[in-house]
Amino acid sequence: MKRDRRRRDLAAAVAGVAALAPVYYLADAAARSLRAGLAAFSPAPLGLAYLAAVAVVVALLASWPAAALACGVPLAAAGVLFALDLDAAIGLAGTLPWARAGGLPWPQPDGAPWAEAAEPPGTLAGMSGLYALIGVVLVLSALLPARRRSILDP
């Protein structure tokens, strides 16, 4: 029984680490889309769709404490890094995969890159505190008692 629980916790932690990249890039794409909509004084349904995708992933991760911690701690750390040392955070974000392509591995609907060359993916979402918020929510969800965690918890 204990061995099965360890395997399940290990699988959940691996799932949390695997979810880190999609949450990071989808949150960044949402922030950029919402900023573009705000600058154009127009609705930004694509930004809301990306935020909804992040919310779905976070809800799934929140049902497993190991997955929530494995994804939440690095996101909270990224949020703290953006808050405390923006230059170091931007330098680190520039070394991540897809940074040279300007963001997500797929192009925007209009074919434009997701980010400017001087603004690596994650910069806007990090500066706005989105990573810190998502990370703290995930960590707090892992610390809740089992009966209050999630309706998705088996």
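Our structure is the block above this text.
Since the model is a prediction, treat every value here as computed from it, not as a measurement.

Visitor: I'd like a rundown of the overall build of the chain, residues and numbers included.
Guide: The number of helices and strands found in the chain is 6 helices and 0 strands. Beginning at the N terminus, the succession of helices and strands in the chain can be written as α-α-α-α-α-α. Residues counted as buried form 38% of the 154 residues belonging to the chain. A total accessible area of about 9000 Å² is found for the chain, and carbon and sulfur atoms account for 70% of it.

Visitor: Which residues make up a nonpolar patch on the surface, and what are the values?
Guide: Nonpolar side chains collect at one region of the surface, where V136, L140 and L143 lie side by side and expose about 300 Å² of accessible area between them. Within the secondary structure, L143 is located in helix 6 (residues 130-143).

Visitor: How would you sum up the nonpolar core? Please name residues and give values.
Guide: Ranked by internal contacts, the top residues of the largest apolar core, which has 28 residues, are V54, L75, Y131, I134 and L138. At the level of secondary structure, the elements contributing two or more residues to this core comprise helix 1 (2-39), helix 2 (45-62), helix 3 (65-84), helix 4 (86-93), helix 5 (123-127) and helix 6. Looking at this core, the element that brings in the most residues is helix 1, giving 10 residues. Here Y131 is in contact with Y24, A27, D28, L75, A76, G79, F82, G122, A125 and G126, once residues within four sequence places are set aside.

Visitor: Got a sec to walk through the packing of aromatic side chains? Specific residues and values, please.
Guide: Using the criterion set out here, one finds 3 aromatic pairs in the structure. Considering the side-chain rings of Y24 and Y25, the 5.2 Å spacing of their centres and the 80 degrees angle between planes classify their relative orientation as edge-to-face. On the accessibility criterion, Y24 (10% relative accessible area) is buried. A residue is classified by how much of its surface remains accessible, and Y25, at 6% relative accessible area, is buried. Measuring from ring centre to ring centre gives 4.6 Å for Y24 and Y131, while their planes differ by 10 degrees; the resulting arrangement is stacked. Of this pair, Y24 sits in helix 1 while Y131 sits in helix 6; the two residues are 107 residues apart in sequence, bridging distant segments of the chain. Of the residues examined, Y131 reaches a relative accessible area of 0% and is grouped as buried. Grouping aromatic residues by their ring pairs yields a cluster made of Y24, Y25, F82 and Y131.

Visitor: Tell me about the environment of A83, residues and numbers included.
Guide: Residue position: A83 is located in helix 3. Given a relative accessible area of 62%, A83 falls into the exposed group. C-alpha separation for the pair A83 and A132, spaced 49 residues apart in sequence, amounts to 8.9 Å.

Visitor: Hey, could you go over the side chain of D28 for me, with residue numbers and the actual values?
Guide: Along the chain, D28 turns up in helix 1. By relative accessible area, D28 is classed as buried at 2%. For D28, the side chain forms a polar contact with the main-chain nitrogen of G122, separated by 2.9 Å. Leaving out residues up to four positions away in the same chain, D28 has contacts with P121, G122, T123, L124, A125 and Y131.

Cut-offs and rules
- Residues numbered from 1 in each chain as written.
- Predicted model: local features only at pLDDT ≥ 70, side-chain atom pairs only at ≥ 80, totals over all residues.
- Heavy atoms only, no water.
- Helix = DSSP H or I, 4+ residues; strand = E, 2+ residues; numbered from the N terminus.
- Buried < 20%, exposed > 50% of the residue type's maximum accessible area, 1.4 Å probe, protein only.
- Areas by Shrake-Rupley, 256 points an atom, 1.4 Å probe, with all protein chains shown as cover.
- Patch = residues over 30% accessible without salt bridge, like charges linked within 9 Å, V, L, I, M, F, W, Y side chains within 5 Å.
- Salt bridge = Lys/Arg side-chain N within 4 Å of Asp/Glu carboxyl O.
- Core = buried A, V, L, I, M, F, W, Y, C linked by side-chain atoms within 4.5 Å.
- Contact = heavy atoms within 4.5 Å.
- Phe/Tyr/Trp six-rings, centres within 6.5 Å; stacked < 30°, edge-to-face > 60°.
- Polar contact = N/O pair within 3.5 Å; in protein donor to acceptor, adjacent residues only side chain to side chain.

None of this, on its own, says anything about what the molecule does.
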